[in-house]
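What follows is the residue order along each chain.
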Amino acid sequence: MIRDITIGQYYQTESPVHRLDPRVKLLGTLLFIITLFLYKNPAGYALGIVFLLAVIKTSRVPIRFITKGLKGILVVLLLTVIINLFLTPGTELVSFWKFTITYEGIGVALTMLFRLTMLIMGSSIVTLTTTPNNLTDGLEKGLGFLKIFRGPVGDVAMMMSIALRFIPILMEETDRIMKAQLARGADFESGNIVKKAKALVPVLVPLFVSAFRRAGDLAMAMEARCYRGGDGRTKMKPLIYKKRDAIAYIILFSFVILSVWIGRWQVISEFFNSLYLRFILK
Amino acid sequence: MPLILDHVSQVYNPDTETPVRALDDVSLVLPEGQFIGIIGHTGSGKSTLVQHLNGLMMPTEGNVYYNGKDIADKDFNKKELRKHVGLVFQYPEHQLFETDVFADVCFGPKNMGLTKKEAELAAFDALRKVDFPNDLYYASVFELSGGQKRRAAIAGVLAMKPDFLVLDEPTAGLDPVGRYEILDMVSALHKESGMTIILVSHSMEDVAKYVERVIVMDRGKVAYDDTPREVFTHGEELEAMGLGIPESTRIARMLKDKGINVDPDVLTVTEAADSIYAAVTGNNK
Amino acid sequence: MDIVKAENVVFEYIRRDEEGNPTDVTTALDHVSIDVRQGEFIGILGHNGSGKSTFAKHLNAILYPTEGTIYVGGMNTKDDDKLWDVRSCAGMVFQNPDNQIIGQVVEEDVGFGPENLGVPTKEIWERVEESLRAVGMLEYRKKSPNKLSGGQKQRVSIAGVLAMHPKCIVLDEPTAMLDPSGRKEVVRAIRGLNDVEKMTVILITHYMDEVVHADRIFVMDKGRVVMQGTPKEVFSDVPTLEKLRLDVPGPTRIAWELKKKGLPLPDGILTAEELVKEIEKCR
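The shown structure was predicted, so the numbers you read here are calculated from the model rather than taken from an experiment.

A tally of helices and strands in chain A yields 11 helices and two strands. Going from the N terminus to the C terminus, chain A shows its helices and strands as α-α-α-α-α-β-β-α-α-α-α-α-α. Taking all 282 residues of chain A together, the buried fraction comes to 42%. If you take every contact in chain A between residues at least 6 apart in sequence, the share linking residues at least 24 apart comes to 74%. If you sum the accessible surface of chain A, you get close to 16000 Å²; carbon and sulfur atoms cover 72% of it.

This is the structure we're talking about:
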């Protein structure tokens, strides 16, 4: 179960998406997420889905690998859907006991489900197709302007890259620790939430101990290899925009403009709607 | 109560183009009272195999029976199985979590539903059985040496009073003296209590000296299942599996090939030295 | 020239209670003097806790001597200005392969050291390629380290150090966490570095069979150097080695037993082949 979480993992293969400059991918993800909140009609959704599927297809990452990542946050997704389903006021569809489902509720729940799913899938594409080193390089350069304000961009980028590298290792370790404790009769499944939380102590203690030891070892190994912060470092793979990145930017911006154009009608009509409502309410 | 594996297979990623058969049609009978070694190099399936013995992993094909019952049955009590089949993993650090050794050893018996008093008695008994130093019972688990951690981890499982004790690479990372101390302790445990001990290892030397039965795993299959002497007659095949035979045996065979009349089935340094000495002085006469 | 020169090095750990008052002093290194010449293969043996890893950390200026001095490439490790020169002169490989690989792609990890040294991009690529080739891992350059075996990961770690072009490479129990085949492949890679690349190697281990081909061996116990010499000299004293909790190679032990029984075998037999040859002579 714990291995199903694919966020933060790198999927090794050769594809045009893999070869893109990480800055393109990062900006692309940001813009993609923004567009998700622009449109509120089926045409917009369809555009978003088509765009995402096209990117996934080009990336040569099996779609099953990406959807597997959703399993990890299934609880969050369901919770969002349920909350929106029951707590949105509006025209009543059905009502039982204290709960009421409204037409608006269904609409909002579906919209949220769509947005979250797309958001997770969209952002996992970046990590799946970009090595953490590359990703942090992208962040480092993309956020380079913060250096003017003395932001430790290089160090933060290095921290992120290391965190990403150790996620799979620590997950595997969690799995092994859980098995070791299961073999001693630990029970992670039965009981109420307090009992379940307590049952995790035998897993968390060894996990933290090991994580701290790893951190100490790693710091020593990095120092031994002359790491002394971001200053004075050179890059094995410096970021240089290529022709394909320009093409990607063109595609990306066309998609954004198209999204705005499709979404605009809805946004504008809602704007008038809200004005109208306010006017009536007055 | 014997453990029986009946045509057990474990397939990872069955739906993909590259399914991995971590276990491939393994059938074994593990009776009570034996001292068994499971040998194989990394990736041979030996660690996967032992996780089937206490229900941490369930076979994707075939069945595992304990006490005549299929452990995959809905009403089968896995927690009860884990009490009878104790499994100690390779890294003791993965299991020790309490503030002191004694409290940690009590964790298993408490999970088995024993009262505090009973659990403490079981813990004392287990720590004594593994020759844990008396003055360290209440020491922090972080202050222990590698060998002591190993003993504490074994005691933690032993305190559940299992019928089977499965030890996954119990000597990894220890120095030679520490290695033999642990193995001698395990061997004594076997003699005194008569429980079945299953020793998982990649070291032929370790296994040859102690066990009565060797199960050699290779690419998910049982390659050999016999007495050490019998298994080590397959020197070349073992070499091909990345295992090799004990060095003493190898040297005896090399001498035999040179026409010196040495017993080619010796297992330990002492046996080899005795046999070589007898052969050489005999030849001199 | 001596690459490493340790003169009467003492290192003490001071334990403190909760208020920070010293309660106990542990002497981890007790007047250790070791010198290593260019191109040598040096083995440092000792059981867990003998002080050998503490010594290794001194060579890389991770720890500093309480007394005495250590010169690495002619530089005093206590000299703060030379810290990074010392570290790039004596490259260090640690025990746990998972805790020293920083990159998520093999080649990026090997490039990490040169990047830190400010090596120009083009040269980094050349160094990465030559280092991976030296340890036989070139074909894995695009792989994720998580997908490699323990032995392969350790070879990547060695390549990562090689790419910094050190004058000597210090390996602190690089095989302790590996299985026998992993151990073999790492030891083969290390010997290759010394034989082919003429790299000065300091191998710290508790497996004696890994250092039978070393030029010189130092055996440590309780923070002191208790034996030193060529492998043949050191390995001829089996009882002392066993008392020091070391793993004496099988052939050496059999030879020792036979000698005790009265067979006229020479001292310091290290390999099975040697033993067989000598026994044949006894007939």
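A few words now on the packing of aromatic side chains. Evaluated as defined, the whole model comprises 14 aromatic pairs over all chains. Ring centres of Tyr 249 of chain A and Phe 253 of chain A lie 6.0 Å apart, and the angle between their planes is 20°; on these two criteria the pair is classed as stacked. Here the residue Tyr 249 of chain A and the residue Phe 253 of chain A both occupy positions in helix H11 (residues 243-281), the gap between them amounting to four residues, near one helical turn. When its relative accessible area of 18% is taken as the criterion, Tyr 249 of chain A is described as buried. Judged by relative accessible area, Phe 253 of chain A falls into the partly exposed class, the value being 40%. Seen from their ring centres, Phe 102 of chain B and Phe 124 of chain B are 4.7 Å apart, and the 45° between their planes marks the pair as tilted. Placement of Phe 102 of chain B in helix H3 (residues 101-111) and of Phe 124 of chain B in helix H4 (residues 116-129) is noted, with a sequence separation of 22 residues between them.

Residues and elements named next belong to chain C. By domain assignment, chain C separates into domain 1 (2-248) and domain 2 (249-283). Between domain 1 and domain 2, roughly 950 Å² of surface is buried when both sides are summed, and carbon and sulfur atoms account for 71% of that area. The largest contributions to the domain 1 side of the interface with domain 2 come from Lys 232, Ser 236 and Val 248, which together make up 47% of the buried area. The partner of Lys 232 in a salt bridge is Glu 274, with the nearest N and O atoms 2.8 Å apart. If you look at where domain 1 meets domain 2, you find three residue pairs in polar contact (both at pLDDT 80 or more). At the level of elements, helix H7 (231-235) and helix H8 (238-243) are the ones that each hand at least two residues to the side of domain 1 that touches domain 2.

In this section: the sheet that holds strand S5 (residues 69-70) of chain B. Reading across the sheet, the four strands line up as S2-S1-S4-S5 (chain B) and stay open at both edges, with antiparallel pairing between neighbours. Bordering the open sheet on either side are strand S2 (20-30) and S5 of chain B, each of which pairs with just one other strand.

Attention now goes to helix H10 (residues 201-224) of chain A. With 24 residues, H10 of chain A extends 34 Å between its outermost C-alpha atoms, agreeing within 8% with the 34 Å of an ideal straight helix rising 1.5 Å per residue. Residues of H10 of chain A that are buried include every one of Pro 202, Val 203, Pro 206, Leu 207, Ser 210, Arg 214, Leu 218, Ala 221, Met 222 and Ala 224 of chain A, and no others. On its buried face, H10 of chain A is in contact with helix H8 (153-182) and helix H9 (193-199) of chain A, H3 of chain B together with helix H2 (83-89), strand S6 (90-93) and helix H3 (106-117) of chain C. Taken from the residues just after H10 of chain A, Cys 226 of chain A is the one with a positive phi, measuring 65°.

Counting residues at the interface gives 28 residues for chain C, matched by 30 residues for chain B. At the boundary of chain C with chain B, total buried surface from both sides reaches about 2600 Å², with 64% on carbon and sulfur atoms. On inspection of chain C and its partner chain B, the count reaches one salt bridge. Put simply, Lys 261 of chain C and Asp 274 of chain B hold a salt bridge, and the shortest N to O gap is 2.6 Å. At the boundary of chain C with chain B, the tally comes to three residue pairs in polar contact (both at pLDDT 80 or more). Mapped onto the side of chain C that touches chain B, the elements with two or more residues apiece are helix H9 (250-261) and helix H10 (272-282) of chain C. Of the residues in the side of chain C that touches chain B, the class split is 14 nonpolar, four polar and 10 charged.

Here the focus is the sheet that holds strand S8 (residues 196-201) of chain B. Strands in a sheet are paired, the pairing made by backbone hydrogen bonds, and the direction either parallel or antiparallel. Residue and element names in this part refer to chain B. Pairing is mixed across the open sheet formed by six strands, whose spatial order is S6-S7-S8-S3-S9-S10. Two strands lie at the open edges of the sheet, namely strand S6 (85-88) and strand S10 (221-226), each paired on one side alone. Strand-to-strand, the axes of this sheet are offset by a mean angle of 15°, without reference to chain direction. As paired elements, S6 and strand S7 (residues 164-168) share four bridges and run parallel to each other. Bridge assignment links Val 88 to a residue of S7, and that residue is Leu 167. Across the sheet, helix H5 (residues 146-158) is in contact with S6 and S7; its angle to S6 comes to roughly 160°. Strand contacts of helix H6 (residues 176-193): strand S3 (35-39), S7 and S8, with the helix running at about 155° to S8, the strand carrying the most contacts.

A word on the interface of chain C and chain A. Each partner contributes residues to the interface: chain C has 41 residues there, and chain A has 31 residues. Of the roughly 3400 Å² buried between chain C and chain A, counting both surfaces, carbon and sulfur atoms make up 53%. On inspection of chain C and its partner chain A, the count reaches five salt bridges. Close ionic contact of Arg 87 of chain C with Glu 223 of chain A constitutes a salt bridge, the shortest N to O distance being 2.9 Å.

Here we take up the nonpolar core. One recurring pattern in soluble globular proteins: nonpolar side chains tend to sit buried together. Leu 165 and Leu 238 of chain B are the most contacted members of the largest nonpolar core, which has 51 residues in total. For this core, the leading source of residues is H5 of chain B, giving six residues. Listed in part, the 44 residues of the second largest apolar core include Phe 41, Leu 178, Val 186 and Val 234 of chain C.

As a further point, take H5 of chain B. All names here are of chain B. Taking 1.5 Å of rise per residue, 13 residues should cover 18 Å, and H5 covers 18 Å from first to last C-alpha, within 8% of that figure. Within H5, 11 of the 13 residues are buried, which leaves it mostly tucked inside the rest of the structure. All of the buried residues in H5 are Gly 147, Lys 149, Arg 150, Arg 151, Ala 152, Ala 153, Ile 154, Ala 155, Gly 156, Val 157 and Leu 158.

About the criteria used
Residues numbered from 1 in each chain as written. Chains lettered and ligands numbered in written order. Predicted model: local features only at pLDDT ≥ 70, side-chain atom pairs only at ≥ 80, totals over all residues. Heavy atoms only, no water. Helix = DSSP H or I, 4+ residues; strand = E, 2+ residues; numbered from the N terminus. Buried < 20%, exposed > 50% of the residue type's maximum accessible area, 1.4 Å probe, protein only. Contact = heavy atoms within 4.5 Å. Areas by Shrake-Rupley, 256 points an atom, 1.4 Å probe, with all protein chains shown as cover. Phe/Tyr/Trp six-rings, centres within 6.5 Å; stacked < 30°, edge-to-face > 60°. Domains from an automatic or database assignment. Buried area = accessible area lost by both parts, 1.4 Å probe. Salt bridge = Lys/Arg side-chain N within 4 Å of Asp/Glu carboxyl O. Polar contact = N/O pair within 3.5 Å; in protein donor to acceptor, adjacent residues only side chain to side chain. Pairing = 2+ DSSP bridges. Expected span 1.5 Å × (residues − 1). Nonpolar A, V, L, I, M, F, W, Y, C, P; charged D, E, K, R; others polar. Axes fitted to C-alpha atoms, helices over the stretch in contact; angles between N-to-C directions. Core = buried A, V, L, I, M, F, W, Y, C linked by side-chain atoms within 4.5 Å.

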